[in-house]
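Structural characterization, general
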Amino acid sequence: MTGNPQDISALPWADGLYSVKRYGLNLANCDSEPVHTPGCIQAHGALLVLRLTDLTILQASGNTAQYLGKPPEDLLGQHVSSVVGASGARRLQEFVQNEGVTSSNLYVFSLPGVADTPALDVCVHTTQGVLIAEFESTGRTGKATDNDIFSLVKAAIGRLQTAGSLLDFCQKVAREVRGMTGLDRVMVYRFHADQHGEVYAENKRDDLPAWLGLHYPESDIPQPAREIFKRIWIRPLPDATGPLVEMVPLANPDTGQALDMTHCALRGASIMYTEYLANMGVAASLTMPILVDGELWGLIACHHYTSAYFPYQVRSACELLAQVTSLQLKSAQRNEQLSYRLQLDEVHQLLVRKAAMEGDLMALSDSQPSLLDAMDAQGAAMYHRDRWWCAGRTPTEEQLNTLADWLDQRPEFGSSVHPVFVTDALASLYPAGGEMADVASGVLAVRVSRLRKDRILWFRPETIQTVKWAGNPHDKPLVPGPNGQRLSPRRSFELFVESVKQRSHPWSSMEVESALRLRLLIMEIVVGRAERLARVNLDLTRSNEELDAFAYVASHDLKEPLRGIHRYAHLLLESSVVEDTENRKRVESLMQLTERMDSLLDSLLHFSRVGRTNLELRAVNLNDVVAEAMEMVGVHSTGSMCTVDLPRLLPTVACDRVRVREIFSNLLSNAMKYTQQPCPRIEIGYRAPKEQLALEPDKHIPTNQIVFYVRDDGIGIAQQHFDHVFRMFKRLHSRDAYGGGVGAGLSIVEKLVQRHGGTVWVESNMGAGSTFYFTMPDALESPP
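To start, this report covers the structure provided alongside it. (Residues numbered from 1 in each chain as written. Predicted model: local features only at pLDDT ≥ 70, side-chain atom pairs only at ≥ 80, totals over all residues. Heavy atoms only, no water.)

The terminal C-alpha atoms of helix 15 (residues 657–673) lie 24 Å apart, and with 17 residues this matches the ideal 24 Å at 1.5 Å per residue to within 8%. Within helix 15 the residues assigned to the buried category are Arg659, Val660, Glu662, Ile663, Phe664, Ser665, Asn666, Leu667, Leu668, Asn670 and Ala671. Measuring from the backbone nitrogen of Val658 back to the side-chain oxygen at the start of helix 15 gives 3.1 Å, which picks out Asp656 as the cap. (Helix = DSSP H or I, 4+ residues; strand = E, 2+ residues; numbered from the N terminus. Expected span 1.5 Å × (residues − 1). Buried < 20%, exposed > 50% of the residue type's maximum accessible area, 1.4 Å probe, protein only. Polar contact = N/O pair within 3.5 Å; in protein donor to acceptor, adjacent residues only side chain to side chain.)

Here you go:
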């Protein structure tokens, strides 16, 4: 990361709200300071703490003589009527009875001015069993706007509702607040996912420098301040350099506890905050939170370069505007994202419909639209049927496998409620993330099936961002304090440009929700398909069992009468009954037909036995199996008219030795039979899954399968017959060509391969030979 300071003044905003008692503030505890109990108030008003049951004065600010005509020592223990009169006391009592206990700071009445003291607004709220009464100058000027402030609010709210986007909405908020308060600068300050802030919208005096787009570190607004802004709607500071006035006594005499001043408008400001403002030349501030679903989305931060006064009616109007802003901001975000969401939902429906029609999730990756269209991403990968299906720019298969294993260890990804993982900075969480930052700095992943480990991942590449900070965010200035070094507000606010790497454009909450909705739609297909397949498999199993039983019985029972016909024909030939040449030829033809029928029935019987016989799976060295198969078909190491080549030793796999030997013997026999070469050449070999993927990346081979092949230089097979050659009794030549045959060998090969959980296929060119491939369980032991 690189920094580049330039000559430009920038003013971040923060209300540190650290205790102004300040004697306990140091580096170790500044972020956990009890800021809600400062023990003092701002000097532009007075505060009384009343026992809720009898309105006796328990505590008073040290400046009551200035505003209420009596010092705190004369007020403590007295009834509040000694300050507000009997009628004022009755109104306070009625407020407590009618309004109940509330933390909202509400206006009750105005106390007329006496002599040199101005008229005071009396605002009260309750907390910790006490009634807090705040006395502030009314600030009324007699202008029409004094009585029409809420008409201004109503008009402002109407204008906010015309915003067409989130940014437009926030710009309107800044303009309306500044128009209502007359302050020099109003900013809408937005928090990012890592809690650092950005000036998202701004309205200011023309002569002031623009701070729009500037970023501020998380530490500029400490956690205690953030927590308080979740509980209050406005924080006024009319004079950042004004004196502070302590409470007398500091603790409640009834409970011995410090006064909770969270909701006090007069609550004393933190020394950190006032120094912060002083360093930037700001004299007054007014701050309102923007809350979305109870969380702090941002702040409406107002600055003035001379001291200002915020009377109750202005604060109330701003407070109402902040509440409306919080409510409408979520709608503004929703409206901005609505078209994008509708676009994604439309793509999702198309994807799901296509997958449902085709009966397989592969339709999500190999057609248009694809998973890449289902999200604003540069790459997408789906793990399904034991392999990855990718679109766009994605990590390599090895990287995907490693990332998937790491995701499985994440607790959120294993959740049954929201199995989702999302980050825009993978390298900060995943050790190997830096190696694929150019394609996968951002990852959004959802798990579709826990049992099969099906999942979908979307990727966003690294987006090298230029972030403009108001001052170096890494500086932490210190100053001496009574208890050692303490943090000091930053003094330098020159523009600091920082390049942020290994981070992508962030995923929005709407995108995460959209991914989860797509997951549910896909799960409906998967579950429905699984139920249908279970029913179909059950029906097929029963049908296959019945067909195998029928084939066995039919072939077995037909052989007996067939043998009788053959014997009878043989007797006729040996007897003198058939003497003429014509009849003898007919009887000889009958014998040939019975022999052929007998061969067909033998093949059918063998085929049915293949489907009914249990496999005996053991560790088998396939080199020995191939040697036995060669002996069976008459291929010898010396003196043979056929050459069999093994480029490398075959592995050891778990299989049925007898059945696999039959696979090789059938394929060897066909290779020797269907050739016009005087000395046929046959090659037997294998490919590991990764080798097969490198040669044929589009062909689906499960990662736990190994591919074997038998290649010949024979007559070849036309492409239109590739599927036909595996059909029972299917021949591609005349009955007697190439030594005859019934066309059952390849059907038996396919059956045996399927019994081992594999698949078989052929590649061939006419006149150039054929290669028969079949898959088997991955090697238990690879040859040296």
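Quick look at the sheet that holds strand 29 (residues 769–777) now. Spatially, five strands are ordered 24-26-27-29-28 in an open sheet, and the strand pairing comes out mixed. Lying at the two open borders of the sheet, with one neighbouring strand each, are strand 24 (643–645) and strand 28 (760–765). With direction set aside, neighbouring strand axes in the sheet form an average angle of 15 degrees. Two elements, strand 26 (residues 681–687) and strand 27 (residues 705–711), share five bridges in a ladder whose sense is antiparallel. When the sheet's bridge partners are listed, Glu683 is paired in strand 27 with Arg711. (Pairing = 2+ DSSP bridges. Axes fitted to C-alpha atoms, helices over the stretch in contact; angles between N-to-C directions.)

Now for the nonpolar core. In terms of nonpolar packing, the biggest core is built from 38 residues, with Leu622, Phe664, Ile684 and Phe774 touching the most fellow members. Listed by contribution, the elements that provide at least two residues to this core are helix 14 (622–633), strand 25 (652–656), helix 15, strand 26, strand 27, helix 17 (745–755), strand 28 and strand 29. Sort the elements by how many residues they give to this core and helix 15 lands first, with six residues. Residues within four places of Phe774 in sequence aside, it is in contact with Ile663, Phe664, Leu667, Ile706, Val707, Phe708, Val753, Thr759 and Val760. Counting residues in hydrophobic clusters, the runner-up holds 36 residues, among them Val153, Met180, Ala201 and Ala322. (Core = buried A, V, L, I, M, F, W, Y, C linked by side-chain atoms within 4.5 Å. Contact = heavy atoms within 4.5 Å.)

Secondary-structure assignment places Met180 in helix 6 (residues 166–181). Judged by its relative accessible area of 12%, Met180 falls in the buried class. Separated by 24 residues in the primary sequence, Met180 and Ala156 place their C-alpha atoms 8.9 Å from one another. Setting aside residues no more than four positions away along its own chain, Met180 makes contact with Ile149, Leu152, Val153, Ala156, Ala317, Cys318 and Leu321.

This brings us to the packing of helix 5 (residues 149–160) against helix 6. Orientation of helix 5 relative to helix 6, taken along the N-to-C sense of each, is 165 degrees, at an axis distance of 10 Å. With respect to helix 6, the element helix 5 is oriented roughly antiparallel. The chirality of how helix 5 crosses helix 6 is right-handed. Listed contacts from helix 6 to Ile149, Leu152, Val153, Ala156, Arg159 and Leu160 of helix 5 are Phe169, Lys172, Val173, Glu176 and Met180. By residue class, the composition of the contact of helix 5 with helix 6 is eight nonpolar, no polar and three charged. (Parallel < 35°, antiparallel > 145°, perpendicular 65-115°, else oblique. Left-handed = near helix turned anticlockwise from the far one by under 90°. Nonpolar A, V, L, I, M, F, W, Y, C, P; charged D, E, K, R; others polar.)

Evaluated as defined, the whole model comprises 19 salt bridges. Across the salt bridge formed by Asp424 and Arg503, the nearest N and O atoms sit 3.1 Å from each other. Taken together, the residues span a long stretch of sequence, with Asp424 in the loop between strand 16 (420–423) and helix 11 (437–440) and Arg503 in the loop between strand 22 (495–500) and helix 12 (509–574) at a distance of 79 residues. (Salt bridge = Lys/Arg side-chain N within 4 Å of Asp/Glu carboxyl O.)

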